[in-house]
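Working through the structure, step by step
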Amino acid sequence: MDLNLMPFVSVIVPNYNHARFLPERLNSVFQQDFDNYEVILLDDKSTDNSADVLASYASHPRVSHLILNESNSGSPFVQWQKGLELAKGEYIWLAESDDVAAPDFLSTLSACVQSEHDIAIAFARSYRIDEHGNNQGFNAWGEVIEPLRWNKPFVNKGDNEIAHFLIHRNTIPNASAVLFRKDLGLQHITDIMNYRFCGDWLFWILLASHGKVAYRPDTFNYFRRYATATSLKRDKERLDARFAEYNAVVKAAMDRKMPGTSSPLQHDWMIDEWIANKQHMSVWDFLMPPFSSPLRKRFYKALFKRLIKR
């Protein structure tokens, strides 16, 4: 790609306690076959030796900032905002600190966002890896809606993508897979500052409402799933908070009259996820899920169907 045509990309690496994964992550960033980017390293007061690992990369010519927080922010999205405000790029890659990217990730997605007018988000195919880097297969979260869609590239109008996919579930399940416009990120980052678990779902909906969404299956993001990851913790308080946020995302989308909110919403996966975690709850906790009223009715209907099948 002609350097004069390549967009400048700011790669934000927000880290918390991922010292053991940082070398692999950062090497996958610095080994990109793309030449027009800066790297912003952020640490949210890690309790491991992350600060030392990050400091060892501070002199790399791609690194424009190394920011070590003096206290923990309590939210990944506070770090996102900090990185966005420091970024000089037209596009942003949030390269989360325990994930890995293919060498052609930036070149492929940068060409993608330049290929058509008004692309707000471009994202790559994601594979799950375990803590040792073993590939656990393609993330099929979107396949429930349309199984064959993710095998080929597409560009879709944002409103259509929201109405048929994003309003129903987060079909962009990992931030590390995404390249998005900085101006839109700055416009909407404050909308998700009170979220802890699924603010990214609302973030993609809001960004998509401003333009097109593009997908490429021919470059890869590898996101790490392991037992101690925040997203896999299932204590009662965290589970309740997660489901309350699911409801909050749906309500925020409905309040903004996003495309698809006037049609039946496919949110049975929330009910299935709640039921799947029943072994971690008391009977009372299980029977009082933190769903809004319509979802609560569907929860009890789904529970009844399961009980009569026994």
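Our structure's up above, just so we're on the same page.
Residues numbered from 1 in each chain as written. Predicted model: local features only at pLDDT ≥ 70, side-chain atom pairs only at ≥ 80, totals over all residues. Heavy atoms only, no water.

1. Remarks on the overall build of the protein
Convention followed: Numbering goes from the N terminus for both helices and strands, where a helix is a DSSP run of H or I of at least four residues and a strand is a run of E of at least two. Based on C-alpha atoms, the radius of gyration is set beside the globule rule, defined as 2.2 Å times the residue count to the power 0.38. The contact rule is simple, with two residues in contact once any of their heavy atoms fall within 4.5 Å. Only the protein chains shown count as cover for residues, with accessible areas throughout obtained via the Shrake-Rupley method and a probe of 1.4 Å.
Within the protein one finds eleven helices and ten strands. Taking 310 residues into account, the globule formula puts the C-alpha radius of gyration at 19 Å, and the protein, at 20 Å, falls close to it. The dimensions of the protein, computed from C-alpha atoms along their principal axes, are 60 × 45 × 35 Å. At a minimum sequence separation of 6, the contacts of the protein that also span at least 24 residues come to 79%. For the protein, the exposed area adds up to about 14200 Å²; of that, 51% sits on carbon and sulfur atoms.

2. Some thoughts on the pattern of salt bridges
The line we're drawing: The term salt bridge refers to a side-chain nitrogen of Lys or Arg lying within 4 Å of a carboxyl oxygen of Asp or Glu. Categorising residues by exposure relies on relative accessible area from a 1.4 Å probe, with only protein chains included: less than 20% of the type maximum marks a residue as buried, more than 50% marks it as exposed, and the intermediate range marks it as partly exposed.
Counted under the stated rule, the structure contains twelve salt bridges. Salt-bridge contacts for Asp183 lead to Arg181; the nearest nitrogen and oxygen are separated by 2.9 Å. Residue classification places Asp183 among the partly exposed residues on the basis of a relative accessible area of 43%. Look at Arg181 and you get buried, because its relative accessible area is 18%.

3. Side note on helix α11 (residues 293–308)
Inclusion rule: Multiplying 1.5 Å by the residue count of a helix minus one yields the expected span of that helix. Our arc is simply the arc of the directions from the helix axis toward the C-beta atoms.
The end-to-end C-alpha distance of α11, which contains 16 residues, comes to 23 Å, matching closely the 22 Å that a straight helix rising 1.5 Å per residue would cover. Turning to α11, its buried residues number three or more, namely Leu295, Phe299 and Leu303. Around the axis of α11, the buried residues are gathered within 75 degrees of arc, so they sit on the same side. What points out from α11, more than 90 degrees from its buried face, is the exposed set Pro294, Lys297, Lys301, Phe304 and Ile308.

4. Section: the pairing of strand β8 (residues 154–157)
To keep it simple, the criterion reads: Any two strands between which DSSP finds at least two bridges are classified as paired.
By the alternation rule, side chains of β8 split into Phe154 and Asn156, which are all buried, and Val155 and Lys157, of which none is buried. Across four bridges, β8 lies against strand β10 (residues 212–224) in antiparallel orientation. The partner of Asn156 across the bridge, within β10, is Val213.

5. Here's the deal with the pairing of β10
In this structure, strand β5 (residues 100–101) lies alongside β10, joined through two bridges in antiparallel fashion. Each residue of the ladder has a partner; that of Val100, found in β10, is Tyr222. Here ten bridges tie strand β6 (residues 119–129) to β10, and the two strands are oriented parallel to one another. What sits directly across from Ala122, in β10, is Ala214.

6. As for the nonpolar core
What counts here: Buried Ala, Val, Leu, Ile, Met, Phe, Trp, Tyr and Cys residues form a nonpolar core when they are joined through side-chain atoms within 4.5 Å.
Ranked by internal contacts, the top residues of the largest apolar core, which has 60 residues, are Ile121, Phe180, Trp204 and Met270. In terms of residues, this core owes the most to one element, helix α7 (residues 199–208), which gives eight residues. Non-local contacts of Trp204, meaning those with residues more than four positions away in its chain, are made with Ile121, Leu166, Asn170, Ile172, Ala175, Val178 and Phe180.

7. Topic: the packing of helix α9 (residues 268–276) against α11
Angle between the axes and distance between the axes are the two parameters that describe a pair of packed helices. Operational definition: Between the N-to-C directions of two axes lies an angle of 0 to 180 degrees, each axis being a line fitted to C-alpha atoms and, for a helix, fitted only over the stretch in contact. Orientation is classified from the angle alone, with under 35 degrees giving roughly parallel, over 145 giving roughly antiparallel, 65 to 115 giving roughly perpendicular, and any other angle giving oblique. It is the rotation of the near helix from the far one that decides the hand of a crossing: anticlockwise by less than a right angle makes it left-handed, clockwise makes it right-handed. In this classification, Asp, Glu, Lys and Arg are treated as charged, Ala, Val, Leu, Ile, Met, Phe, Trp, Tyr, Cys and Pro as nonpolar, and every other residue, Gly included, as polar.
At a closest axis distance of 10 Å, the pairing of α9 and α11 adopts a crossing angle of 60 degrees. Considered as vectors, α9 and α11 are oriented oblique to each other. Crossing geometry of α9 relative to α11 is assigned as right-handed. Contact with α9, carried on its side by Asp268, Met270, Ile271, Asp272, Trp274 and Ile275, involves Leu295, Arg298, Phe299, Ala302 and Arg306 of α11 and no other residues of that element. In terms of residue class, the contact of α9 with α11 is made up of seven nonpolar, no polar and four charged.

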